[in-house]
Amino acid sequence: QVRLVESGGGLVQPGGSLRLSCTASGSSFSINTMRWYRQAPGKERELVATITRGGTTNYGNSVKGRFTISRDNAKNTGYLQMNSLKPEDTAVYYCNAVYDFGNGYWGQGTQVTVSS
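Trainee: An account of the pairing of strand β4 (residues 31-39) is needed here, citing residue identities and associated values.
Mentor: For a regular strand, side chains alternate in direction, first toward one face of the sheet and then toward the other. Across eight bridges, the pairing between β4 and strand β9 (residues 91-99) is antiparallel. When the sheet's bridge partners are listed, Met34 is paired in β9 with Ala97. Two strands pair when backbone bridges link them, and β4 and strand β5 (residues 46-52) are joined in this way by six bridges, in the antiparallel orientation. Bridge pairing in β5 places Arg38 opposite Glu46.

Trainee: Describe the environment of Ile31, with residues and values.
Mentor: On the secondary structure map, Ile31 appears in strand β4. Since its relative accessible area comes to 3%, Ile31 is described here as buried. Here the alpha-carbon distance between Ile31 and Tyr105, two residues 74 residues apart in the chain, equals 10 Å. Discounting chain neighbours no more than four positions away, the residues touching Ile31 are Ala24, Arg53, Arg71, Asn76, Ala97, Val98, Tyr99 and Asp100.

Trainee: Pulling in residues and values, what's your account of the state of the cysteines?
Mentor: Summed over all chains, the structure comprises one disulfide. A sulfur-sulfur distance of 2.0 Å marks the disulfide that ties Cys22 to Cys95. One disulfide, between Cys22 and Cys95, carries an S-S torsion of 55° and so falls in the right-handed class. A residue pair is termed long-range when its members are at least 10 positions apart, and Cys22 in strand β3 (residues 18-25) and Cys95 in strand β9 qualify at 73 residues. In this structure Cys95 comes out as buried when scored by relative accessible area, which is 0%.

Trainee: Kindly report on the environment of Gly8, identifying the contributing residues and their values.
Mentor: Position of Gly8 relative to the elements: it lies in the loop between β1 (3-7) and β2 (10-12). Between the C-alpha atoms of Gly8 and Arg53, which are 45 residues apart in sequence, the distance is 22 Å.

Trainee: Summarise the side chain of Thr77; cite the residues concerned and give the values.
Mentor: Here Thr77 is to be found in strand β8 (residues 77-82). The exposure class assigned to Thr77 is buried, which follows from its relative accessible area of 5%. Within the structure, the side chain of Thr77 is placed 3.1 Å from the side chain of Thr23, a separation counted as a polar contact. If near-sequence neighbours (up to four positions away) are discounted, Thr77 is found in contact with Cys22, Thr23, Met34, Arg71 and Asp72.

Trainee: Quick one: what's the story with unusual backbone geometry, residue by residue and with numbers?
Mentor: A positive phi angle, close to 50°, is found at Asn76, a residue other than glycine. Of note, Asn76 is situated in the loop between β7 (67-72) and β8.

Definitions and cut-offs
Residues numbered from 1 in each chain as written. Predicted model: local features only at pLDDT ≥ 70, side-chain atom pairs only at ≥ 80, totals over all residues. Heavy atoms only, no water. Pairing = 2+ DSSP bridges. Helix = DSSP H or I, 4+ residues; strand = E, 2+ residues; numbered from the N terminus. Buried < 20%, exposed > 50% of the residue type's maximum accessible area, 1.4 Å probe, protein only. Contact = heavy atoms within 4.5 Å. Disulfide = S-S within 2.5 Å. Polar contact = N/O pair within 3.5 Å; in protein donor to acceptor, adjacent residues only side chain to side chain.

Structure follows, in structure tokens:
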């Protein structure tokens, strides 16, 4: 059974940084694409960043230049480095992994709160 576990969320002051991790387990297949989403209270889930197995990345306009997505394929782990955080970045952050066999899976989410 595939399981994704996120970590690294917390409370940070505006301008600060956090690094989120997402570790996948339970499958011998490779992860094709990993994505980070976020959902703030009362808002729809928003795509934050995408990374392919080959390392091609894409970012939402609101985080370009501040967030960096990366992955370690050997560890089945993805990362989201978040710098220059703003109060509007406050949300629950979710990772999503799509495997080579086509199925996608979600983590349980990790809370990020940006506040002074």
